[in-house]
Amino acid sequence: MEGFEYRLIPGADHVGINVAVGGDGPAVVLLHGFPQTHYMWRHVARKLADTHTVIVPDLRGYGSSDKPSGIDPATYSKRTMANDIVKITGSLGFTRFGLVGHDRGALVTVRAGLDHPEAVEYLGILDVLPTLDTWAVLQGVDAKVAWHLYLMAQPVGLPEKMISAVAPEFFASFLEAWDTDGSTFTAQERDYYVESSAAAVDSIVADYRATASVDLEMDRADRARGAQLTMPVAVISQDWGSQLGFDAAALWKAWAPDMTYEATTAGHFMAEENPDEIAAFISGLAARADRQH
């Protein structure tokens, strides 16, 4: 990302996290989704850098971050990945920060907000539901839109072999299916995402497998004890509820009483398709959090 400095910073258990840092001011951390890397934030990050220190990591297992073995489910739990974020921000001199995530990265933001409320000033969530609610709303034939979740939830071995056999086609299929009009990515950007993901099959599968096991268990335990996100939260999403039959705002409200929700006409890759909208969404959330403090 032009104008950003890159560092490899130790996260939890000394796993090296590739981090791009730019701008000046209060810290905001941007976490990417699947099948992407920190690079998805390039347009939004530049817009935020005039008023914020913008910290943009590759999640562990993705991009240029380390990819430890996922045999232990905890290695790619969202708790561990959230601990990565707290550690790298601390290394950069920030004990409090705003946190915004897309897709997989948004699941990490939720866990960070639940586990580290003292560190997270506000949460921005792009196009995802909490883990517990994701599995609950996937019903019947309409759930085929999330077929990859079920594939990567299977025991270690078979999913990795199946995906590795057709990795470029597998990852490209999501970039194509979720791109509203097919114009969001240049050929070079598309190839970069495909190649980066194809080089990380085992760790990406481990990340998804955790969401069907240890992450789900954590969400169930939090729901049972009534845990909530206590900081300002804003959610922006496609209207998945009309297709799958759920009320996204109501589901999020159960987790985040101080929550605003808005729908977007952009596709899943909204930070690249409409960076002005997403930069304004984040800036508005940061301003709301600042007023409440």
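Residues numbered from 1 in each chain as written. Predicted model: local features only at pLDDT ≥ 70, side-chain atom pairs only at ≥ 80, totals over all residues. Heavy atoms only, no water.

*Asks:* What is the right way to read the pattern of salt bridges from this model?
*Replies:* Pairing is possible between side chains that carry opposite charge, provided their charged atoms lie close to one another. With the rule as written, the count across this model stands at 17 salt bridges. The salt bridge involving arginine 42 is made with glutamate 189; its shortest N-O contact spans 3.1 Å. In this pair, arginine 42 sits in helix H1 (residues 42-48) while glutamate 189 sits in helix H8 (residues 187-198), placing the two residues 147 residues apart along the sequence. In this pair, the class of arginine 42 matches that of glutamate 189, namely buried. Taken together, the shared-partner salt bridges in this structure form one network comprising Arg79, Arg111, Asp115, Asp219, Asp222 and Arg225. (Salt bridge = Lys/Arg side-chain N within 4 Å of Asp/Glu carboxyl O. Helix = DSSP H or I, 4+ residues; strand = E, 2+ residues; numbered from the N terminus. Buried < 20%, exposed > 50% of the residue type's maximum accessible area, 1.4 Å probe, protein only.)

*Asks:* Help me understand the nonpolar core in this model?
*Replies:* Among soluble globular proteins, nonpolar side chains are generally buried collectively. By size, the foremost hydrophobic cluster in this structure holds 99 residues, and its most contacted members are Leu30, Phe34, Trp41, Val54, Val56, Leu99 and Ile282. When residues in this core are grouped by element, the largest group, 7 residues, is from helix H14 (residues 275-292). If we ignore the near neighbours within four places in the chain, the residues touching leucine 30 are Trp41, Ala45, Leu48, Val54, Ile55, Val56, Pro57, Val100 and Ile282. (Core = buried A, V, L, I, M, F, W, Y, C linked by side-chain atoms within 4.5 Å. Contact = heavy atoms within 4.5 Å.)

*Asks:* Hey, could you run me through the sheet that holds strand E7 (residues 233-237) in this one?
*Replies:* Consider a sheet: its strands pair through backbone hydrogen bonds, and that pairing is either parallel or antiparallel. Read across the sheet, 8 strands follow the order E1-E2-E4-E3-E5-E6-E7-E8 without closing on themselves; strand pairing throughout is mixed. A single partner strand is all that each edge strand has here, and the edge strands are strand E1 (5-10) and strand E8 (259-263). When strand polarity is set aside, the average angle formed by the axes of neighbouring strands in this sheet is 20°. Bridge count between E1 and strand E2 (residues 16-23): 6 bridges; the pairing is antiparallel. Along E2, the bridge assignment pairs proline 10 with glycine 16. Packing against the sheet, helix H12 (residues 248-255) makes contact with strand E6 (120-126), E7 and E8, and its axis sits at approximately 160° to E8. (Pairing = 2+ DSSP bridges. Axes fitted to C-alpha atoms, helices over the stretch in contact; angles between N-to-C directions.)

*Asks:* Would you take a moment to explain helix H7 (residues 167-177) for this structure?
*Replies:* Residues spaced three or four apart along an α-helix face the same direction, because each turn holds 3.6 residues. Those residues of H7 that fall on the buried side of the exposure criterion are Ala167, Phe170, Phe171, Ala172, Phe174 and Leu175. In this structure, the buried residues of H7 make contact with helix H5 (147-152), helix H6 (158-165), H8 and helix H9 (201-211).

*Asks:* What is the right way to read H6 from this model?
*Replies:* Here H6 has its buried residues at Pro159, Glu160 and Ile163. Seen end-on, H6 carries its buried residues on one side only, within an arc spanning 100°. For H6, the exposed residues set more than 90 degrees away from the buried face come down to Leu158, Lys161 and Ala165. On the buried face of H6, the contacting elements are H5, H7 and H9. (Arc of directions from axis to C-beta.)

*Asks:* How should the packing of H9 against helix H10 (residues 214-225) be read in this particular structure?
*Replies:* Pairs of packed helices are described in terms of their axes, by the angle between the two and the distance that separates them. Packing of H9 against H10 brings their axes to within 4 Å, and their N-to-C directions diverge by 30°. If you check the angle between H9 and H10, you find them roughly parallel. Mapping the contact onto sequence places Asp207, Ala210 and Thr211 in H9 and Val214, Asp215 and Leu216 in H10. Taken together, the residues of the contact of H9 with H10 sort by class into 3 nonpolar, 1 polar and 2 charged. (Parallel < 35°, antiparallel > 145°, perpendicular 65-115°, else oblique. Nonpolar A, V, L, I, M, F, W, Y, C, P; charged D, E, K, R; others polar.)

*Asks:* Help me understand the packing of aromatic side chains in this model?
*Replies:* Taken as a whole and assessed by the stated rule, the structure comprises 16 aromatic pairs. Both rings, one in tyrosine 39 and one in tyrosine 192, keep their centres 5.7 Å apart while their planes meet at 80°; by these two values the pair is edge-to-face. Linking tyrosine 39 in the loop between strand E3 (27-31) and H1 with tyrosine 192 in helix H8, this pair joins segments that are 153 residues apart in sequence. Given the relative accessible area of 25%, tyrosine 39 is considered partly exposed. The rings of Phe34, Tyr39, Trp147, Phe170, Phe171, Phe174, Trp178, Phe185, Tyr192, Tyr193, Tyr208 and Phe269 are connected pair by pair, giving a single aromatic cluster. Taking the ring centre of tyrosine 208 as reference, the NZ or CZ of arginine 104 above it sits at 3.7 Å. (Phe/Tyr/Trp six-rings, centres within 6.5 Å; stacked < 30°, edge-to-face > 60°. Lys NZ or Arg CZ within 6 Å of the ring centre and 35° of its normal.)

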